[in-house]
Amino acid sequence: MSGAGDPSLDHPDVVLCPGGPMLLRGDHVVEDEDGNEHRTWRPVSAVCRCGASAVKPWCDGTHKVLRKRTT
Amino acid sequence: MLMPESRGSLSEAVFRAMRTGETSGLAEAPPSDTAEDAQVTLWALYEQHYRGFEDVAGELEWDPQLIGVRRGLEQEFERTLRDRMPEVPEPDGFAEKFFDFVADHDGPSLAAHVHRKATEDQVHELLRHRTIYHLKEADHTTWVIPRLSDRVKAAVMELQFDEYGGGDPNLLHAHLFVRGLQDSGLNPEYGAYINEAPLEVLEENNAMSLFGLNRRLRAASLGFLAAFEATSSAPSRLMAQGLKRLGFPESMIEYYTEHVEADAVHEQLAVRTICGALLEEEPELHDDVYFGAFSALDLADRYAERMLTRWAA
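The notes below deal with the structure included here. (Residues numbered from 1 in each chain as written. Chains lettered and ligands numbered in written order. Predicted model: local features only at pLDDT ≥ 70, side-chain atom pairs only at ≥ 80, totals over all residues. Heavy atoms only, no water.)

1. Remarks on the pattern of salt bridges
Within the structure shown, the criterion is met by 25 salt bridges over all chains. Its salt-bridge partner being Arg42(A), residue Glu261(B) comes within 3.8 Å of it at the nearest N-O pair. Placement of Glu261(B) in helix α13 (residues 250-281) and of Arg42(A) in the loop between β4 (37-39) and β5 (44-47) is noted, with the two residues assigned to different chains. The buried category is assigned to Arg42(A), whose relative accessible area is 5%. Linking Asp92(B) and Lys97(B) is a salt bridge whose minimum nitrogen-to-oxygen distance equals 2.9 Å. For Lys97(B), a relative accessible area of 27% gives the class partly exposed. (Salt bridge = Lys/Arg side-chain N within 4 Å of Asp/Glu carboxyl O. Helix = DSSP H or I, 4+ residues; strand = E, 2+ residues; numbered from the N terminus. Buried < 20%, exposed > 50% of the residue type's maximum accessible area, 1.4 Å probe, protein only.)

Quick look at the structure:
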């Protein structure tokens, strides 16, 4: 339940950050590439999408290093 | 906490007035001798709005004479910070330009030094200096909350709730640092190391309070937050690895590993849902977001330069 009609107040459960992680709001269980399950516990969690994080399935900001190298 | 030691003529006069409550003579207070004298005075005046001092009466928080001294020091400090500003990016495509601005800012890295070379004594010194901020971590941003629209306010709360442990004091970031200090044999008492804090630490903390306590600088406060979060994850990992190398207790390491993950979330929130949303509503605040952001980056550099020079690293 979000937004209540005003588009500027949209509050989606999943946000894909351009060139960055996927933000998850609320409680979720994320299964990683090895089949291990990780439960979210923060108000918002960031899931790695670049594949280079050292703390997968969570984001550790490494996508910024990759981005800098390719630009 | 007791009042800090004075560091010059101005802090001596102001601190005496604060302890005795005799503030009427402050209109004729001497000018500051040095930047450090001015900054420690400003720091103590700001501290009255946080936890305060056991040896200063609570009524003095809003004493007109003390507020007058604070205003003078704030104006001078804000001018100094603004004079340091470089050109800022164009306002279009804010989030990507902001991340680029932060990524392109090259400064000396204390975390890289801790990672590979720092001695235990050097890290102890660093942690003592870090207590000045980490024991009230995130509090300066909380000042801004009532000054924001519903949308931006909720976005700041989403981040702050995580800083404050989601309501669990054991997970509150400042408290994780308390536990790390205790286990590392350092004094976790709030303000215990203020007399050791060098100019650059005072400036960094005062900039946070300056932006947090002045409504007109709300965008600078949120820009400071965004740059601070966007330069935290990778250095926090280096800090954690350095602390492990030196055999620091798990709780101190955990403080930094927590920030690897937390700040990878917070940087997205701070840049996109907080500063991005603020600028959609009030585009004229664009340059102030960068004022805060650059101040965060530059003040961290200044501290790193001082310590790396001091340690001949």
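2. So, the interface of chain A and chain B
The interface is formed by 25 residues belonging to chain A together with 25 residues belonging to chain B. Together, the buried faces of chain A and chain B total about 2000 Å²; carbon and sulfur atoms form 53% of this surface. The largest share of the area that chain A buries against chain B comes from Arg42(A), Lys64(A) and Arg67(A), three residues that together contribute 26% of it. Counting across the interface, chain A meets chain B through six salt bridges. We note a salt bridge from Glu258(B) to Arg42(A), for which the minimum N-O separation is 2.7 Å. (Contact = heavy atoms within 4.5 Å. Buried area = accessible area lost by both parts, 1.4 Å probe.)

3. A word on unusual backbone geometry
Cis rather than trans, the peptide bond between Lys56(A) and Pro57(A) has omega equal to 15°. Along the chain, Pro57(A) turns up in the loop between β5 and α1 (63-70). A positive phi is found at Ala138(B), a non-glycine position, where the angle reads about 80°. When you line up the elements, Ala138(B) lands in the loop between α6 (120-134) and α7 (139-142). Overall, Ala138(B) belongs to the buried group, its relative accessible area being 4%.

So yeah, pure geometry; function would need other evidence.
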